[in-house]
Amino acid sequence: MSSDGAQQDGTGGGTAEGRTVRVVLVDDHRMFRTGVQAEIGETGRTGVEVVGEAADVDQAITVITATRPEVVLLDVHLPGGGGVEVLRRSAAMMTDAERPVRFLALSVSDAAEDVIGVIRGGARGYVTKTITGTDLVNAIFRVADGDAVFSPRLAGFVLDAFASTDAPPIDEDLDRLTQREREVLRLIARGYAYKEIAKQLFISVKTVESHVSAVLRKLQLSNRHELTRWAAARRLV
């Protein structure tokens, strides 16, 4: 992994000697989970113990409930409702006074709506998948300690959304869409063909068609041209 420049607290990276943080990886790409495990999962070196993995929302809830990790590395776009749905269903575990489960979003997306969505949902931080292994370990330990961790550019989104009483209102129409449907929506609005979207998102063309149909139905639109205008009006393109 190349450097992402995750925000540091000035005290240096690394782990507390002899301390272990238990982590669950939630991402729908098996090869990515394998890569993260190889990068951070050597407990004797990093202090991180990967105690479980999941590829979709239902699996995530099952594994998190069974293992009660200190930190969950959570992808934003997941089958079954996305990272926001995992956060919603984990609310009781996040607020457990004795054994809180804390969430750190780890995603390829740097879209403002994705960052703000998971932070509103209760995640303690958000870093992109270009982060280095060393910085990711440091971020895990900081989140386990209750700190908030963001890549510098993403921190700006959060400050803009929460630092004043003039935070932008939640778009109820957009909130009807799952994270995956939003991703397909943005690509359609940018002019991508179904085959190109399928290749980029590692899904089938039929699945793309299903997502587009769902988006059109939920937004009460008739075709992709109306969808493109809708997305452009909300600056999603």
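Values in this document were obtained by computation on a predicted structure and should not be read as measured data.

Colleague: Describe the overall build of the protein, naming the residues involved and giving the relevant values.
Modeller: In terms of regular secondary structure, the protein is built from 13 helices and six strands. Counting the 237 residues in the protein, one finds 47% classified as buried. Taking contacts inside the protein between residues at least 6 apart in sequence as the whole, the part at least 24 apart equals 70%. Carbon and sulfur atoms make up 50% of the accessible area of the protein, which amounts to about 11700 Å² in all.

Colleague: Residue-level account of the packing of aromatic side chains, with values.
Modeller: Counting across every chain of the model gives zero aromatic pairs. Its guanidinium or amino end placed over the ring of Phe32, Lys129 lies 4.1 Å from that ring's centre, counting from NZ or CZ.

Colleague: Describe the sheet that holds strand S5 (residues 125-128), with residues and values.
Modeller: Reading across from one edge, S2-S1-S3-S4-S5-S6 is the order of the six strands in this open sheet, with parallel pairing throughout. Every interior strand has two partners, whereas the edge strands, strand S2 (48-54) and strand S6 (149-150), have only one. Against the sheet, helix H7 (residues 133-144) engages strand S1 (21-26), S2, strand S3 (71-74), strand S4 (102-107), S5 and S6, with an angle of about 155° to S4.

Colleague: Kindly report on the packing of helix H10 (residues 179-189) against helix H11 (residues 194-201), identifying the contributing residues and their values.
Modeller: Where H10 contacts H11, the two axes come as close as 10 Å, and the packing angle between them is 135°. Viewed along their axes, H10 and H11 adopt a mutual orientation that is oblique. Crossing handedness for the pair H10 and H11: right-handed. Residue-level inspection shows Arg180, Glu183, Val184, Leu187 and Ile188 of H10 in contact with H11, the latter providing Tyr194, Ile197, Gln200 and Leu201. Classifying every residue of the contact of H10 with H11 by side-chain character gives six nonpolar, one polar and two charged.

Colleague: For helix H3 (residues 57-67), give the residues involved together with the corresponding values.
Modeller: Every buried residue belonging to H3 is among Val57, Ala60, Ile61, Val63, Ile64 and Thr67, and all of these are buried. For H3, the elements touching its buried residues are S1, S2, S3, helix H4 (82-89), helix H5 (91-94) and S4. Looking one or two residues past H3, Arg68 carries a phi angle of roughly 45°, positive in sign.

Colleague: Any details on empty space enclosed by the protein? Residues and values, ideally.
Modeller: Overall, the coordinates contain one cavity of 30 Å³ or more when judged by the stated rule. For the largest cavity, the calculated volume is near 50 Å³. Forming the boundary of the largest cavity are Leu25, Val26, Asp27, Phe32, Arg33, Val36, Leu73, Asp75 and Leu106. Elements represented by at least two residues in the lining of the largest cavity include exactly S1 and helix H1 (30-40). Per-element tally for the lining of the largest cavity: the top contributor is H1, with three residues. Per-class residue counts for the lining of the largest cavity are six nonpolar, no polar and three charged.

The rules we used
- Residues numbered from 1 in each chain as written.
- Predicted model: local features only at pLDDT ≥ 70, side-chain atom pairs only at ≥ 80, totals over all residues.
- Heavy atoms only, no water.
- Helix = DSSP H or I, 4+ residues; strand = E, 2+ residues; numbered from the N terminus.
- Buried < 20%, exposed > 50% of the residue type's maximum accessible area, 1.4 Å probe, protein only.
- Contact = heavy atoms within 4.5 Å.
- Areas by Shrake-Rupley, 256 points an atom, 1.4 Å probe, with all protein chains shown as cover.
- Phe/Tyr/Trp six-rings, centres within 6.5 Å; stacked < 30°, edge-to-face > 60°.
- Lys NZ or Arg CZ within 6 Å of the ring centre and 35° of its normal.
- Pairing = 2+ DSSP bridges.
- Axes fitted to C-alpha atoms, helices over the stretch in contact; angles between N-to-C directions.
- Parallel < 35°, antiparallel > 145°, perpendicular 65-115°, else oblique.
- Left-handed = near helix turned anticlockwise from the far one by under 90°.
- Nonpolar A, V, L, I, M, F, W, Y, C, P; charged D, E, K, R; others polar.
- 1 Å grid on protein atoms, 1.4 Å probe; cavity = no way out; pocket = protein on both sides within 12 Å on 5 of 7 lines; lining within 4 Å.
- Points joined across faces, edges and corners; volume = space filled by probe spheres on them.

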